[in-house]
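# Summary of the model geometry
In case you want the letters, here they are:
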Amino acid sequence: MNNYLPSLLACIGLALAVALPAQAGEHERNAWPIRVAQKDGSNTVISWQGAGPLFFAQPLSEGRRAHGFRPFYLKKVSPLPGQVSETAFLYPLFVYRTNGEWYTWSV
């Protein structure tokens, strides 16, 4: 019986981990690995991740937002005119930056 005890405990632990959902915070909707979303007090989604960590959207400083598909695509956008927006594909190989008046492209 002693030889089976570690295996039995491992199976019970695995069954509990699968059967019991992860405890999410009050402002988090957790359906990992499909989607994990963080919400504010008014139930508006602030940031989310999907398919594990591959797809995402999140706020940045100064009202900017980022979204993309890791590690291939990243887009950082600004809601205000005149601020720099950036799109990266296979970073750091292809990066495009613009503010509406000028742009830069790196290859």
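Our subject in this report is the structure included herewith. Fair warning: this is a prediction, and the values are worked out from it, not measured in the lab.

## What to know about the overall build of the protein
Of regular secondary structure, the protein possesses 1 helix and 9 strands. The order of helices and strands in the protein, counted from the N terminus, is α-β-β-β-β-β-β-β-β-β. Taking all 107 residues of the protein together, 15% fall into the buried category. By sequence separation, contacts in the protein at least 24 residues apart represent 0% of the contacts at least 6 residues apart.

## Here's the deal with the side chain of Ser 85
Tracing the chain through its elements places Ser 85 in strand 7 (residues 85-89). Not counting chain neighbours up to four residues away, the residues in contact with Ser 85 comprise Lys 76, Val 77, Ser 78, Tyr 96, Arg 97 and Thr 98.

## As for the pairing of strand 6 (residues 73-77)
Here strand 5 (residues 65-69) runs beside strand 6; their pairing, made up of 5 bridges, is antiparallel. What sits directly across from His 67, in strand 6, is Lys 75. Taking the residues between adjacent antiparallel strands as the criterion, strand 5 and strand 6 are bridged by 3 residues. Taken together, the 4 bridges between strand 6 and strand 7 define a ladder with antiparallel strand orientation. The partner of Lys 76 across the bridge, within strand 7, is Glu 86.

## Observations regarding the packing of aromatic side chains
Per the counting criterion, the structure on display carries 5 aromatic pairs. When the ring of Tyr 96 is compared with that of Tyr 103, the centres are 5.9 Å apart and the planes differ by 35°; the resulting orientation is tilted. On the basis of relative accessible area, Tyr 96 is assigned to the partly exposed category, the value being 29%. The lysine or arginine in question, Arg 70, covers the ring of Phe 56, its NZ or CZ lying 4.1 Å from the ring centre.

## Regarding the environment of Phe 55
Along the chain, the position of Phe 55 falls in strand 4 (residues 55-59). Overall, Phe 55 belongs to the partly exposed group, its relative accessible area being 39%. Separated by 13 residues in the primary sequence, Phe 55 and Gly 68 have C-alpha atoms spaced 5.8 Å apart. Apart from residues lying up to four places away in sequence, Phe 55 is in contact with Trp 48, Gln 49, Gly 50, Gly 68 and Phe 69.

## Observations concerning the pattern of salt bridges
For the coordinates displayed, the defined rule picks out 1 salt bridge. As a salt-bridge pair, Arg 97 and Glu 86 come within 2.9 Å of each other at their nearest N and O atoms. Highlighted residues: Arg 97 in strand 8 (residues 94-98) and Glu 86 in strand 7, separated in sequence by 11 residues. Owing to a relative accessible area of 12%, Glu 86 belongs among the buried residues under this scheme.

What counts, and at which threshold
Residues numbered from 1 in each chain as written. Predicted model: local features only at pLDDT ≥ 70, side-chain atom pairs only at ≥ 80, totals over all residues. Heavy atoms only, no water. Helix = DSSP H or I, 4+ residues; strand = E, 2+ residues; numbered from the N terminus. Buried < 20%, exposed > 50% of the residue type's maximum accessible area, 1.4 Å probe, protein only. Contact = heavy atoms within 4.5 Å. Pairing = 2+ DSSP bridges. Phe/Tyr/Trp six-rings, centres within 6.5 Å; stacked < 30°, edge-to-face > 60°. Lys NZ or Arg CZ within 6 Å of the ring centre and 35° of its normal. Salt bridge = Lys/Arg side-chain N within 4 Å of Asp/Glu carboxyl O.

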